[in-house]
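# Chains, contacts and geometry: an overview
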Amino acid sequence: MIDAVAVVLAAGGSRRLGRPKQLLDYRGEPLIRHAVRVAIAAGCTRALVIQGAVEVSSLLEGLNVEVVSNEEWQEGISSSIRAAVAAAAGRRILFTTVDQPLVTPEHLRMLLALEAPIVATGYRAVAGIPVAFAAGLHGELLTLRGDRGARSVIDAHREELAVVPFEDAAFDVDRDADYFQLLELEAGEE
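The sections below set out a description of the structure shown in this document. (Residues numbered from 1 in each chain as written. Predicted model: local features only at pLDDT ≥ 70, side-chain atom pairs only at ≥ 80, totals over all residues. Heavy atoms only, no water.)

## Let's talk about the pattern of salt bridges
Applying the stated criterion to the full structure yields 14 salt bridges. When the shortest N-O distance is used, the salt bridge between aspartate 99 and lysine 21 registers 2.9 Å. Of the two residues, aspartate 99 sits in the loop between strand E6 (93-97) and helix H3 (105-113) while lysine 21 sits in the loop between strand E1 (2-10) and strand E2 (25-26), which places them 78 residues apart along the sequence. An identical accessibility class is assigned to aspartate 99 and lysine 21; each is buried. (Salt bridge = Lys/Arg side-chain N within 4 Å of Asp/Glu carboxyl O. Helix = DSSP H or I, 4+ residues; strand = E, 2+ residues; numbered from the N terminus. Buried < 20%, exposed > 50% of the residue type's maximum accessible area, 1.4 Å probe, protein only.)

## Let's talk about unusual backbone geometry
In this chain, isoleucine 129 is followed by proline 130 through a cis amide linkage whose omega measures 0 degrees. Here proline 130 shows up in strand E8 (residues 126-133). Even without a glycine there, the phi angle at alanine 89 is positive, about 50 degrees. Here alanine 89 falls in the exposed class, since its relative accessible area comes to 60%. For arginine 124, which is not glycine, the phi torsion reads 50 degrees and is therefore positive. The topology assignment puts arginine 124 in the loop between strand E7 (118-123) and E8.

Here it is as C-alpha cells:
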C-alpha cells in the first residue's frame, strides 16, 4: 500500500452534459464506479469519492471507498478539493476525476511512485489532473475558491513539479459528443 489518499472528484452538476455524468454507463457500470475502481487499484491506503450534485454512494456498494458529501458543490471544483483535503488527515492526496475514463491504475501508480511535492499528468502541453500533492501543500489547496481547480498551486510550484506524460488523460466526458466517442472506443475494444 502507498501512504496516500486517492480522491475521485465527482460532485459536479454536469452542466455542459445536461445530465449526471457520474451515472453514464461505461463497460457495464456507472462511470463513477469505474473511476472509483481505478482509483482503488492505484494502491493507496485510503480512497475517497467526493459527491455533491448526485448521490453516488448507492452505486459504490462493495467497494472499499469512503464517500464525502460536499454540501458546497455549487461553488465549483475548489469546494471539492477543500473537502478532500479536510478528509485526508494530512496525507499525500492523489486527485482524479469521474470524467476521465481512459486513466489507468498503472498511470496513477506512476504518479505516486515519484516523490516530488506535485506530480501531475502531462497531456496537450499542460500539467494537470490526475495529480498528486504532498501534504505540505494542503494549506494552499484550502485557499482555493470558485470553479477552478488547483492550476494556481501547480503554477506557483513549477520548480517542484514532476510530470508523467499520459495523453489519454486529455479525453474527458463533458458533452454528448464526448460520451458517444467513448462508446465508440468501448465498442472497438470488443
